[in-house]
Amino acid sequence: MSRIDELIAELCPEGVEYRPLGEIGELVRGNGMPKTDFTESGVGAIHYGQIYTYYGTWTTETRSFVSPETAARLAKVDPGDVIITNTSENLEDVGKAVAWLGDKQIVTGGHATVFKHSQDAKFIAYWLQTPEFFAQKRKLASGTKVIDVSAKSLEKVEMPVPPLDVQREIVRILDLFTTLEAELEAELEA
């Protein structure tokens, strides 16, 4: 029996509960923030397009910044929040997410939703990469040239909500796999 099986048997013997994201936390839709708003320094910012191209499952630093005046009108991202993309040119990328694990509040703009919750942020970001999430977002997506899954639609997505100890053990294992995968890729490139 694995450590995860032991924790589930101990902490949720009736099985893991599934709940809609809208019941687990609050989904706050971003607005604005074209790349022309970026500055050399200021308040950290994550643009939705960077989630596809730059960020992995989680981050503690931002690549971009905006002025404090611009930040005042944007969606706030607190440590532990998850930023989810709402728009993409393909179904695979819409709904891609990054957990913000930095120590300061940052901001995000349009085409992104901030998920504010009390769960393990990495657990949520990893779960948003699963085939189970993909099947649900496929049903909620609209558009042909530009695919969109609204914040209102995301509220309906049901995800497993095991106790935090189980979430943290799952994250620990997935982090190990991620590290091993990166090391293997580096070796193969060498």
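Provided above is the structure to which this section pertains.
In this numbering scheme, every chain counts its residues from 1 along its sequence in written order. A pLDDT threshold of at least 70 governs which residues receive local features in this predicted model, and a stricter bar of 80 or more applies before side-chain atom pairs are shown or counted, although totals over entire chains, interfaces and linings include all residues. Just so you know, side-chain values use all the structure's heavy atoms and leave hydrogens and water out.

**Q** What's the story with the packing of helix α1 (residues 3–11) against helix α8 (residues 164–189) in this structure? I'm lost.
**A** Think of two packed helices as two axes; the pair is described by the angle between the axes and how far apart they sit. Between α1 and α8, the shortest axis-to-axis distance is 9 Å and the interhelical angle comes to 170°. Taken together, the axis directions place α1 and α8 in an arrangement best described as roughly antiparallel. Here α1 contributes R3, I4, L7, I8 and L11 to the contact with α8, which in turn contributes D165, V166, E169, I170 and I173. Note on residue categories: nonpolar means Ala, Val, Leu, Ile, Met, Phe, Trp, Tyr, Cys or Pro, charged means Asp, Glu, Lys or Arg, and polar means any other residue, Gly included. Tallied by class, the residues present in the contact of α1 with α8 amount to 7 nonpolar, no polar and 3 charged. To obtain each axis, a line is fitted to C-alpha atoms, and for helices this fit is confined to the stretch in contact; angles are then taken between N-to-C directions over 0 to 180 degrees. Runs of H or I in DSSP of at least four residues are treated as helices and runs of E of at least two as strands, each being numbered from the N terminus. By definition in this entry, angles of less than 35 degrees are roughly parallel, angles greater than 145 are roughly antiparallel, angles of 65 to 115 are roughly perpendicular, and the rest are oblique. The contact criterion used is simple: two residues touch if any of their non-hydrogen atoms lie within 4.5 Å.

**Q** What is the right way to read the side chain of T62 from this model?
**A** With respect to the helices, strands and loops of the structure, T62 is situated in the loop between β5 (58–59) and β6 (64–66). Exposure categories follow from relative accessible area, calculated using a 1.4 Å probe and restricted to protein chains: below 20% of the type maximum is buried, above 50% is exposed, and the middle band is partly exposed. Assessed through its relative accessible area of 15%, T62 is described here as buried. With residues near it in sequence (within four places) discarded, T62 still touches G44, A45, I46, Y55, W100 and I106.

**Q** In this structure, what is going on with the environment of A9? I would like to understand it.
**A** Locating A9 in the fold gives a position in helix α1. Sequence separation of A9 and L184 is 175 residues, and the distance between their C-alpha atoms is 34 Å.

**Q** Teacher, can you tell me more about the pairing of strand β4 (residues 43–46) here?
**A** Successive residues of a regular strand alternate their side chains across the two faces of the sheet. In this analysis, strands are considered paired if DSSP registers two or more bridges between them. Where β4 lies against β6, 3 bridges are found, and the strand directions are antiparallel. Along β6, the bridge assignment pairs G44 with F65. Taken together, the 2 bridges between β4 and strand β11 (residues 106–108) define a ladder with parallel strand orientation. Pairing of I46 across the sheet is with T108, part of β11.

**Q** Which parts of the structure should I look at to understand the packing of aromatic side chains?
**A** Pairs of aromatic rings are described using the distance from one ring centre to the other and the angle between the two planes. Here the aromatic set is Phe, Tyr and Trp, taking the six-membered ring for Trp, and pairing holds for ring centres within 6.5 Å; pairs whose planes are under 30 degrees apart are stacked, those over 60 apart are edge-to-face, and all others are tilted. Enumeration over the complete set of coordinates arrives at 3 aromatic pairs. Here Y48 and Y52 contribute two aromatic rings whose centre-to-centre distance is 5.9 Å and whose plane-to-plane angle is 85°, an arrangement assigned as edge-to-face. In this pair, Y48 and Y52 are both assigned in helix α3 (residues 48–53), 4 residues apart and thus about one turn of the helix distant. Judged by relative accessible area, Y48 falls into the partly exposed class, the value being 21%.

**Q** It is not clear to me how the side chain of N86 should be interpreted in this structure. Could you clarify?
**A** By secondary structure assignment, the location of N86 is in the loop between β8 (82–85) and β9 (87–88). Given a relative accessible area of 0%, N86 falls into the buried group. A 3.5 Å cut-off defines polar contacts: any pair of N or O atoms within that distance qualifies, except that in protein one atom must be a possible hydrogen donor and the other a possible acceptor, and neighbouring residues in sequence count only when both atoms are side-chain atoms. Side chain to side chain, N86 and R29 meet in a polar contact 3.4 Å long.

**Q** Would you mind going over the pattern of salt bridges with me for this structure?
**A** Side-chain pairs of opposite charge can arise whenever the charged atoms involved come near each other. In the sections that follow, a salt bridge refers to a side-chain nitrogen of Lys or Arg positioned within 4 Å of a carboxyl oxygen of Asp or Glu. With the rule as written, the count across this model stands at 9 salt bridges. Note that D78 and K116 form a salt bridge whose closest N and O atoms lie 3.1 Å from each other. On the criterion of sequence distance, the pair formed by D78 in the loop between β7 (75–77) and β8 and K116 in strand β12 (residues 112–117) is long-range, its members being 38 residues apart. The residue R172 makes a salt bridge to E169 at a minimum N-O spacing of 2.8 Å. In this pair, R172 and E169 both sit in helix α8, 3 residues apart, roughly one turn of the helix. Each of D78, D81 and K116 takes part in one network of salt bridges that share partners.

**Q** I tried to follow the pairing of β12 on my own but got confused; where do I start?
**A** Extensive coverage of β12 is indicated by the burial of 6 of its 6 residues. Side chains A112, V114 and K116 project from β12 onto one buried face, and the interleaved T113, F115 and H117 project onto a second face that is buried too. As judged from the 5 bridges shared by strand β2 (residues 25–29) and β12, these two strands associate in the antiparallel manner. The partner of V28 across the bridge, within β12, is V114. Relative to β12, β8 runs antiparallel, the two being bridged by 4 bridges. Along β12, the bridge assignment pairs I83 with V114.

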